[in-house]
Amino acid sequence: MNTTMIDRYEAGATLPVKAIDGLTEAEWDATPGPGDWSVRQVILHLMDSDLIASDRMKRVIAESNPALHAYDASVFARSLFYDRLDPVAACEMFRLNRRLTAAILRALPAEAFLRTGVHSERGVESLARIVEIYTDHLDHHVNFIREKRARLGKPMA
């Protein structure tokens, strides 16, 4: 794996806090349409998914072809109080987790990124692919927040 992907992964550490900067609590909770997640819920989803991603990466690094279990993000959102947890704290958890995980990734030899685990829905995935998936996952959701902010009349800087 080249350092560019790790750089991109680590650079994402501050994206969630930038995504909520300048929003009020009411704006965190606004839902632009039926069934849409609020900005708060997206931030909490990003935190949980990134913690799960780090666990998957660590398992692939430390174990031999480990099982990587899927989860239902909607069930997490409904069951884990995404509608009331503190998004600022979630952003800080996300930031610290990304930075520590990036430090682990930077310490690995290149061949470690070929190590694999078996995802319960997607099958065999390499460490390099997992890093790529979660780097893209963040960008995908920050774009959702960018769109929500635009609808609220508060475009993201």
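First things first, this report covers the structure right here in the doc. For every chain, the first residue of the written sequence is number 1, and numbering continues from 1 onward in sequence order. Given that this is a predicted model, residues contribute local features only at a pLDDT of at least 70 and side-chain atom pairs are listed and counted only at 80 or more, while totals for whole chains, interfaces and linings are drawn from all residues. Each side-chain value is derived from all of the structure's non-hydrogen atoms; neither hydrogens nor water enter the calculation.

1. Description of the overall build of the protein chain
At step 1: Every helix listed is a DSSP run of H or I at least four residues long, and every strand listed is a run of E at least two residues long, numbered separately from the N terminus. Looking only at helices and strands, the protein chain features 7 helices and 3 strands.
At step 2: For the protein chain, the α and β elements follow one another from N to C terminus as α-α-α-α-β-α-α-β-β-α.
At step 3: The size measure is the radius of gyration over C-alpha atoms, and the globule rule it meets is 2.2 Å times the number of residues to the 0.38 power. Here the C-alpha atoms of the protein chain give a radius of gyration of 16 Å, agreeing with the 15 Å that 2.2 N^0.38 yields for 157 residues.
At step 4: Referenced to the eigenvectors of the C-alpha coordinate spread, the extents of the protein chain come out at roughly 45 × 30 × 20 Å.
At step 5: Between buried and exposed lies partly exposed: a residue is buried under 20% and exposed over 50% of the maximum accessible area for its type, with that area taken using a 1.4 Å probe on protein chains only. Every one of the 157 residues in the protein chain was classed for burial, and the buried ones make up 41%.
At step 6: Only heavy atoms matter for contacts: two residues are in contact if any of them lie within 4.5 Å across the pair. Sequence separation of 24 or more characterises 76% of the internal contacts of the protein chain that already satisfy a separation of 6 or more.
At step 7: Residue burial considers only the protein chains on display, and all accessible areas are found by Shrake-Rupley using a 1.4 Å probe. If you sum the accessible surface of the protein chain, you get close to 8100 Å²; carbon and sulfur atoms cover 56% of it.

2. What about the pairing of strand β2 (residues 116-119)?
Regular strands show a simple pattern: their side chains alternate between the two faces of the sheet.
At step 1: Burial along β2 is one-sided: the residues G117 and H119 are buried and none of T116 and V118 is.
At step 2: Two strands are said to pair when DSSP picks up at least two bridges between them. As paired elements, strand β1 (residues 67-68) and β2 share 2 bridges and run parallel to each other. Across the sheet, the residue bridging to L68 is H119, located in β2.

3. Remarks on the nonpolar core
At step 1: Residues I20, V39, I43, L46 and I145 are the most contacted members of the largest nonpolar core, which totals 19 residues.
At step 2: Of all the secondary-structure elements, those providing two or more residues to this core are α2 (15-20), α4 (39-62), α6 (87-107) and α7 (127-151).
At step 3: The biggest single contributor to this core is α4, with 6 residues.
At step 4: I43 has contacts with P16, I20, P87, A90, C91 and I145, leaving out every residue within four places of it along the chain.
At step 5: For our purposes a nonpolar core is just a set of buried Ala, Val, Leu, Ile, Met, Phe, Trp, Tyr and Cys residues, chained together by side-chain atoms within 4.5 Å. Among the nonpolar cores identified, the runner-up in size contains 17 residues, and A53, V60, A102 and F113 belong to it.

4. Side note on helix α1 (residues 3-11)
At step 1: By the burial criterion, the buried members of α1 are M5, I6 and Y9. Down the axis of α1, the buried side of the element spans an arc of 100°, and every buried residue falls inside it. In α1, the exposed positions angled more than 90 degrees off the buried face are occupied by T4 and A11.
At step 2: Contacts from the buried residues of α1 go to α4, α6 and α7. Our arc is simply the arc of the directions from the helix axis toward the C-beta atoms.

5. Here's the deal with unusual backbone geometry
At step 1: At N65, a position not held by glycine, the phi torsion is positive, near 50°.
At step 2: Along the polypeptide, N65 turns up in the loop between α4 and β1.
At step 3: At F81, a position not held by glycine, the phi torsion is positive, near 65°.
At step 4: Tracing the backbone through its elements, the reader meets F81 in the loop between α5 (73-79) and α6.

6. With respect to the packing of aromatic side chains
At step 1: Working definition: rings of Phe, Tyr and Trp (its six-membered ring) pair if their centres are within 6.5 Å, and the pair is stacked with planes under 30 degrees apart, edge-to-face with planes over 60 apart, and tilted otherwise. Counted by the stated rule, this structure contains 2 aromatic pairs.
At step 2: Taken together, a centroid distance of 6.4 Å and an interplanar angle of 85° make the contact between W37 and Y82 edge-to-face. Residue W37 is found in the loop between α3 (25-29) and α4, and its partner Y82 is found in the loop between α5 and α6; the two are separated by 45 residues along the sequence.
At step 3: Judged by its relative accessible area of 1%, Y82 is buried.
At step 4: Ring plane angle 45° and centroid distance 4.7 Å describe the contact between Y71 and F76, whose orientation is recorded as tilted.
At step 5: Residue classification places Y71 among the partly exposed positions, given a relative accessible area of 23%.
At step 6: Residue classification places F76 among the partly exposed residues on the basis of a relative accessible area of 25%.

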